[in-house]
Every structure is written in structure tokens, then in C-alpha cells.
Amino acid sequence: MTRLFGTDGVRGQANGLLTADLALRLSQAAAVVLGHRRSLVERRPVAVVARDPRVSGEFLSAAVEAGLASSGVDVMDAGVLPTPAAAFLVADFEADFGVMISASHNPAPDNGIKFLGAGGHKLDDAVEDEIEAQMAEAPLLPVGAEVGRVKRFSDAEDRYVVHLLQSLGGVSLKGLKIVLDCAHGAASGCSPEAFAAAGAQVVVIGAEPDGLNINEGYGSTHLGPLQEAVVANGADLGIAHDGDADRCLAVDHTGAVVDGDQIMGVLALALKESRTLVDDTLVVTVMSNLGLKLGMAAAGIQLVETAVGDRYVLEAMRTGGYSLGGEQSGHLIFSDYATTGDGVLTGLQLAARVASTGKSLHVLAAEAMTRLPQVLINVQGVDKAKVKTHQGVQEAVAAAEVRLGESGRVLLRPSGTEPVVRVMVEAATADLAQAESQTLAEIVKTELAL
């Protein structure tokens, strides 16, 4: 049987895989596993529920809340808020768990249900498996006074914005003009509010959600409008969120993109300067650009590398007690302030670094790292299981690494969901990266053909 939970909760097309009935049964199971079995106090369990603005979130949140309340969980309905806001509110309200209804950067027809444990932390695979197993059992259906209540979490957004502003430690953004692209998503209200309250002059685009336009032509996966708006408005920088605002990419005053690696580099240097970068260590995934590793090494900062996925970054951060980690995609985690990636928090911290140093984002990014050309080719229809052990493929990788030397690297990574091997090459020049990646892709396609 295929596992229901994926890498980021249960995700699929609304009314396809993700029906109201599934949402109801999933929530009734979660009520037992995350609420009644794990509640540490003598009261009905409490859950925070939030969603992004896509239209299907309306019926799915209703089904989730019905499932929770019918199984004896009190629900605090936080409405439309970013995923990191939901995580924060679970901890801040001391709720037993939380539910976020979102498909992040996916298009509007998709949606997802993600559970957060006590403290706002993502669930381990074992806990997700426990919820799936519970779905096969009869639901818990209390009666009378034991039925859960559903209440509006009236100050949810205010609590989150205050938390964001406190993370700035008194640094003002006054004097900065910042363009915010909210992807017509969950941050359309709270992100402009937070930046304006911090003192910035704010220009907002992509902040008119209608339930159907989330991520459509705007946000971190469509940076063109932000680049144009930054230049047209003479802004100091631009910040782009995705649909649930758990990530952040940026644009400098010239219109150039500043990716997650560059943002991590800028903020790692800031934390090291303030002596709050634990063990002078930054946690990244294997997909982070080699230029980040070289730049951080020059600054006395070491990297801990993980597999691709924010859950692996989080795991390494929690294990080592580290303060900063993230992905090239702009998924940054500040363990002092958040339990998950937070795009609004990241944007505020980046803007604060610009304000406090008096340097442009363009200069700060260049000081942090020189991004090496990177080429990624997806080779389809191959036996991905053999990529790590096939002698011919591994010999080709070793030969490429010799040709690239210390100014390049090779990464072959099997897809987690399809018969695809991802061939990534970084090199000193774009032409060299392209040539080496094409050569390796052809070898993988030939040697590992199904």
C-alpha cells in the first residue's frame, strides 16, 4: 500500500486525492494520535488550524475542523496565515498540535494537509505512520460535553507579527524602500504589515488573493514581476514569498536575483559577527552552491551538509543545536525564532542586515559568496537505484571531478518519486559546467537505461 504521507504532509489535487472525506478521517485519526495519546494536561486537547487562501482550503479546513471537534479536540481557527505562523501559534498558545492546509508553491488546484506536533515541530515519519494506522480503526466519537469546540483565533495574525518584529532586536528598517511579492498567498496580509511596522517604505505586488490565483505569475517561482518592480520603483531590495510563505528569495536594487544560498551566506556572516552562530556552523543541503562553501570557509564558518529537504536540515539543526540552516530554494530556518522555514522572518532579517550595515544587498551578497555556474539535468527513464553503485557511472564521475578540480563538483542524485537521476555539475565557467553535465547525463542515460 502506498504511503499516504509524503515529504511534506498529505498533498494532492483537491477533490482528487484530497477529498473532504479523507480530510475528515485523517483529522479524526490525528485527534487520537496527536491529541488524546500525547496531551500532557488534564483537559480536552487543543489544535490550531490555519490555511493558505486557495479556494479548496475553505472546504478542507471545514472538514479538518469537523474531524477534530467530532473526536474531542478543541479547535482554534486561525484563518489564512503562513505555515510558519501556524507553527509559531502552536507553541505560543501551548496547543497540543496544529494543522496547516496548504500546497505551498503548487498551483491552485492542489492542496495539502500538514500536521505540526507540540511546540510547532514537524512530525517524524513514525508519528505519521501512527496516524495512517489509526485511520484503519474506528474513530473516537465522544458525546455531549466531551465534543470539541471550534473558536476563531481572533488575535492570531497580531501575535505572529509581534513575534516577527521582536526578532529584529530593535533594528529599524526606516529609510529602506522594499518591494514585497506575496504570491497572492498566505502572507498577503501579514508580510506588508510586518515590514511597514518595522519602518520600511513598502511597495506590494501579488497580494490580491482570490482563491484561484495563488502562485500564478508571482512569488518565489516567478521572479520577473518583482525584478521589474524593484527597478521601476527605485527600491533598495525586493522580497518574494511562495504560497504559504515558508520561503524567501530576494532581488537586489539592480534587479539581480539573490537566491537562498546567498541569503544564507549574508545572514550567517551577520550571526557570526554577533556571536550567535552556534559553533560557527551553517546547515545546508547537498544542492547548495560550492561557492557558498568556499565563501563560508574563507569567513571561518563550517558547513554541515544534509540530504535535500527542509526536514533533513531541521533534523541536523536540532541534533547539533545549530542556529541557522536552509536550502537554495530560500527555505531558511532560524532556530532562535522558528521551528520551520519562515519567509517573512527571513526577509525581515535580510532587510535588517542591509539597514544595520548601510551596505546594499548587492554588496552583501557579493561579500558572502561568489556563485559558481551550476547546471542541473534530469535524466529520465533510468534505473535510479544503480546510480551509486554502477562502476561505469562512478568512474565517469571520478574522471569529471579530476577535470573540475577544487573549483567544481559533481552530484548525481536519484529522484525520490520517479525514475529520474538528477545530474548536477558546478564549475568555474558556465561552458565547462554545461559540457561536463551533458557528458555525464549521456553516460547515465546509456548505462542505466531501463
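Rules behind the numbers
- Residues numbered from 1 in each chain as written.
- Predicted model: local features only at pLDDT ≥ 70, side-chain atom pairs only at ≥ 80, totals over all residues.
- Heavy atoms only, no water.
- Pairing = 2+ DSSP bridges.
- Helix = DSSP H or I, 4+ residues; strand = E, 2+ residues; numbered from the N terminus.
- Axes fitted to C-alpha atoms, helices over the stretch in contact; angles between N-to-C directions.
- Salt bridge = Lys/Arg side-chain N within 4 Å of Asp/Glu carboxyl O.
- Buried < 20%, exposed > 50% of the residue type's maximum accessible area, 1.4 Å probe, protein only.
- Contact = heavy atoms within 4.5 Å.
- Phe/Tyr/Trp six-rings, centres within 6.5 Å; stacked < 30°, edge-to-face > 60°.
- Polar contact = N/O pair within 3.5 Å; in protein donor to acceptor, adjacent residues only side chain to side chain.
- Core = buried A, V, L, I, M, F, W, Y, C linked by side-chain atoms within 4.5 Å.

1. Some thoughts on the sheet that holds strand E17 (residues 409-414)
Think of a sheet as strands paired side by side through backbone hydrogen bonds, with each pair either parallel or antiparallel.
Argument step 1. Across the sheet, three strands lie side by side as E16-E18-E17; this open sheet has antiparallel pairing. Among the strands making up the open sheet, the edge pair consists of strand E16 (374-380) and E17. Direction aside, the axes of adjacent strands within the sheet are offset by 15° on average.
Argument step 2. As judged from the six bridges shared by E17 and strand E18 (residues 420-426), these two strands associate in the antiparallel manner. Pairing of Arg413 across the sheet is with Arg422, part of E18.

2. So, the pattern of salt bridges
Argument step 1. Tallied over the full model, the rule gives 23 salt bridges.
Argument step 2. A salt bridge links Arg152 to Asp77; the nearest nitrogen and oxygen atoms lie 4.0 Å apart. With Arg152 in strand E6 (residues 150-152) and Asp77 in strand E3 (residues 74-80), this pair connects stretches of sequence that are 75 residues apart.
Argument step 3. Accessibility expressed as a relative area gives 53% for Arg152, which makes it exposed.
Argument step 4. Judged by relative accessible area, which is 23%, Asp77 ranks as partly exposed.
Argument step 5. Notably, a salt bridge pairs Glu426 with Arg409, separated by 2.8 Å at the nearest N-O pair. Within this pair, whereas Glu426 is found in strand E18, its partner Arg409 is found in strand E17, the two being separated by 17 residues in sequence.
Argument step 6. Given the relative accessible area of 0%, Glu426 is considered buried.
Argument step 7. Arg409 sits in the buried class, given a relative accessible area of 16%.

3. Regarding the environment of Val278
Argument step 1. By the secondary structure assignment, Val278 is in the loop between helix H8 (260-273) and strand E12 (281-285).
Argument step 2. Along the backbone, Val278 and Glu216 are 62 residues apart, and their C-alpha atoms lie at a distance of 38 Å.
Argument step 3. When sequence neighbours within four positions are dropped, the list of residues in contact with Val278 reads Gly321, Tyr322 and Ser323.

4. Here's the deal with the pairing of strand E9 (residues 237-241)
Argument step 1. Counted residue by residue, E9 has five buried out of five residues, so it is predominantly covered.
Argument step 2. Residues Leu237, Ile239 and His241 point to one face of E9 and Gly238 and Ala240 to the other, with burial holding for every one of them.
Argument step 3. As judged from the four bridges shared by strand E7 (residues 177-181) and E9, these two strands associate in the parallel manner. Of the residues in E9, the one forming a bridge with Ile178 is Leu237.
Argument step 4. Here five bridges tie E9 to strand E10 (residues 248-252), and the two strands are oriented antiparallel to one another. Paired with Leu237 across the two strands is Asp252, which belongs to E10.
Argument step 5. Turn length for the E9-E10 hairpin, with the two strands adjacent in sequence and antiparallel, is six residues, and the turn residue Ala245 shows positive phi of about 60°.

5. Structural notes on the packing of aromatic side chains
Argument step 1. Taken as a whole and assessed by the stated rule, the structure comprises three aromatic pairs.
Argument step 2. Between the aromatic rings of Phe5 and Phe115, the centroid separation amounts to 6.4 Å while the plane-to-plane angle is 55°, which identifies the pairing as tilted. On the criterion of sequence distance, the pair formed by Phe5 in the segment before strand E1 (10-13) and Phe115 in strand E5 (residues 110-116) is long-range, its members being 110 residues apart.
Argument step 3. A ring pair is formed by Phe93 and Phe153, whose centres lie 5.1 Å apart and whose planes are at 55°; its orientation type is tilted. Note that Phe93 is positioned in the loop between helix H3 (83-92) and strand E4 (97-101) and Phe153 in the loop between E6 and helix H5 (156-166), a separation of 60 residues in sequence.
Argument step 4. Judged by relative accessible area, Phe153 falls into the buried class, the value being 2%.

6. As for the environment of Lys177
Argument step 1. Tracing the backbone through its elements, the reader meets Lys177 in strand E7.
Argument step 2. By relative accessible area, Lys177 is classed as partly exposed at 22%.
Argument step 3. A C-alpha to C-alpha distance of 27 Å links Lys177 and Thr340, two positions 163 residues apart in sequence.
Argument step 4. For Lys177, the contacting residues outside a window of four places in its chain are Gln201, Val203, Asn233, Gly234, Ala235, Asp236 and Leu237.
Argument step 5. At 3.0 Å, the side chain of Lys177 and the backbone oxygen of Asn233 are in polar contact.

7. Some details on the side chain of Asn289
Argument step 1. If you trace the backbone, Asn289 turns up in the loop between E12 and helix H9 (290-298).
Argument step 2. Its relative accessible area of 1% is what places Asn289 among the buried residues.
Argument step 3. In this structure Asn289 touches Asp261, Gln328, Met369, Thr370, Arg371, Leu372, Gln374, Arg409 and Glu426, once residues within four positions along its chain are discounted.

8. Regarding the nonpolar core
Argument step 1. If you look at the biggest cluster of nonpolar residues, it comprises 65 residues, and the most contacted ones within it are Leu173, Ile178, Phe195, Ile239, Leu282, Val344 and Leu348.
Argument step 2. For this core, the leading source of residues is helix H11 (residues 343-357), giving seven residues.
Argument step 3. Residue contacts for Ile178: discarding those within four places in its chain leaves Leu173, Phe195, Ala200, Gln201, Val202, Val203, Leu237, Ile239 and Ala351.

9. Things to note about the sheet that holds strand E8 (residues 201-205)
Argument step 1. The five strands are arranged E8-E7-E9-E10-E11 in an open sheet whose pairing can be described as mixed. What marks the edges here is a single partner per strand, and that holds for E8 and strand E11 (257-258).
Argument step 2. Across five bridges, the pairing between E7 and E8 is parallel. Directly across from Lys177, in E8, lies its bridge partner Gln201.
Argument step 3. Helix-sheet contacts for helix H7 (residues 224-232) involve E7, E8, E9, E10 and E11, and the interaxial angle to E9 is about 155°.
Argument step 4. Strands E9, E10 and E11 of the sheet are contacted by helix H12 (residues 361-368), whose axis makes an angle of about 115° with E10.

10. As for the environment of Val258
Argument step 1. Within the secondary structure, Val258 is located in strand E11.
Argument step 2. Residue class for Val258 comes out buried when judged on its relative accessible area of 2%.
Argument step 3. Once the C-alpha coordinates of Val258 and Ala365 are considered, the two residues, 107 residues apart in sequence, prove to be 7.2 Å apart.
Argument step 4. Sequence-distant contacts of Val258, that is, excluding residues within four places in its chain, are made with Leu249, Ala250, Val251, Asp252, Ile263, Leu361 and Ala365.

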